[in-house]
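Tertiary structure, described
The chain contents come next:
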Amino acid sequence: MIQKETLESLINAYMEQQEQHYELIDLHISADNGIVVSIDSAEYVDVDFCADLNRYIQEHLDREAEDYSLEVGSVGLTDPFKTRMQYDKHLGDPVDVLTKDGKKLKGTLVNTDDEAFEVETEVLVQEEGKKRKTKQMQTLRFAYGDVKSVRYDLKV
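Examining unusual backbone geometry
Phi is positive for N33, close to 65°, though the residue is something other than glycine. Looking at the element boundaries, N33 is found in the loop between β1 (22-29) and β2 (34-41). By relative accessible area, N33 is classed as buried at 7%.

Right under this line is the structure:
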């Protein structure tokens, strides 16, 4: 079976040679050596780059030793964010957040740092002396590990 660590090193070595910064977001190798490589960039992912990376990987893997299938592509617009670069890329964009306790919220990604990100969203607040809750904008801070997923919100 093709080793994930070997393939990661191969991919990262190729991406380090590029003028544009790319990141390996996901690498999956199935039991039957089906390889799926997902990459992203703070700018854009060129389809020619994906084709070049595909050829580079094929040149460095021996099909005679182990047969495999290979798919190289960019992450989808609705795929969850996995790296800090993806959060930074979407600053100011609408996002959907699913917390670990199952709460869903929509808002705007307004800040990121090494430990957490912040989303500005509407929340219902019970104000003192009022019977009904009112909607107010609040900025909520989440540690990256405290959410199940954060995705770009296409529905806005």
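Read on for the rest.
Here we look at the environment of Q138
Within the secondary structure layout, Q138 lies in strand β7 (residues 134-143). Look at Q138 and you get partly exposed, because its relative accessible area is 32%. The spatial distance from the C-alpha of Q138 to the C-alpha of G107 is 9.6 Å, given a sequence separation of 31 residues. If we skip the residues at most four places from it in the chain, Q138 touches V119, E120, T121, V123 and V125.

Examining helix α2 (residues 47-60)
The first and last C-alpha atoms of α2 sit 20 Å apart over 14 residues, in line with the 20 Å expected at 1.5 Å per residue. Where α2 is buried, its residues meet α1 (4-16), β1, β2 and β3 (69-74). Near the N-terminus of α2, the side chain that reaches the backbone nitrogen of D48, with its oxygen 2.6 Å away, is that of D46.

Some thoughts on the pattern of salt bridges
Counting across every chain of the model gives 11 salt bridges. For the salt bridge of K106 with D96, the shortest nitrogen-to-oxygen distance reads 2.9 Å. In this pair, K106 sits in strand β5 (residues 104-112) while D96 sits in strand β4 (residues 94-99), placing the two residues 10 residues apart along the sequence. Exposure remark for K106: the relative accessible area of 46% places this residue in the partly exposed category. On the basis of relative accessible area, D96 is assigned to the partly exposed category, the value being 24%.

So, the sheet that holds β5
Taken in spatial order, the five strands of this open sheet run β7-β6-β5-β4-β8, and their pairing is antiparallel. Among the strands making up the open sheet, the edge pair consists of β7 and β8 (147-152). Recorded for the sheet is a direction-independent mean angle of 35° between the axes of neighbouring strands. In this sheet, strand β6 (residues 116-125) lies alongside β5 in antiparallel orientation, the contact comprising four bridges. Residue pairing in the sheet places T108 in a bridge with E120 of β6.

Notes on the packing of aromatic side chains
Applying the stated criterion across every chain yields a total of eight aromatic pairs. Both rings, one in Y22 and one in F49, keep their centres 3.7 Å apart while their planes meet at 0°; by these two values the pair is stacked. With Y22 in strand β1 and F49 in helix α2, the pair connects residues that are 27 residues apart, well separated along the chain. With relative accessibility at 7%, the residue Y22 sits in the buried group. What makes F49 buried here is its relative accessible area of 6%. With centroids separated by 5.2 Å and ring planes inclined at 80°, the aromatic side chains of F81 and Y87 adopt a geometry described as edge-to-face.

What counts, and at which threshold
- Each residue is numbered by its place in its chain's sequence as written, counting from 1.
- Restriction of local features to residues with pLDDT of at least 70 applies here, the model being predicted, together with a cutoff of 80 or more for giving and counting side-chain atom pairs; totals for whole chains, interfaces and linings are based on all residues.
- In computing side-chain values, all of the structure's heavy atoms are included and hydrogens and water are not.
- The helix count covers DSSP runs of H or I at least four residues long, the strand count covers runs of E at least two residues long, and both are numbered beginning at the N terminus.
- Think of it in three bands: residues with accessible area under 20% of the maximum for their type are buried, residues over 50% are exposed, and the middle band is partly exposed, with areas taken using a 1.4 Å probe on protein chains only.
- Contacts are assigned to residue pairs with any non-hydrogen atoms lying within 4.5 Å of each other.
- By definition here, a helix of n residues has an expected span of 1.5 Å times n minus one.
- Nitrogen and oxygen atoms within 3.5 Å of one another constitute a polar contact, given that in protein one can donate a hydrogen and the other can accept it, and given that sequence-neighbouring residues count only through two side-chain atoms.
- The salt bridge definition used is simple: a Lys or Arg side-chain nitrogen within 4 Å of an Asp or Glu carboxyl oxygen.
- For two strands to pair, DSSP has to find at least two bridges joining them.
- Axis lines are fitted to C-alpha atoms, over the contacting stretch for helices. Their N-to-C directions set the angle, which ranges from 0 to 180 degrees.
- Side-chain rings of Phe, Tyr and Trp (the six-membered ring for Trp) are treated as a pair once their centres are within 6.5 Å; stacked means planes under 30 degrees apart, edge-to-face means over 60, and tilted covers the remaining angles.

Interpretation note: all reported values are geometric properties and have no functional meaning in isolation.
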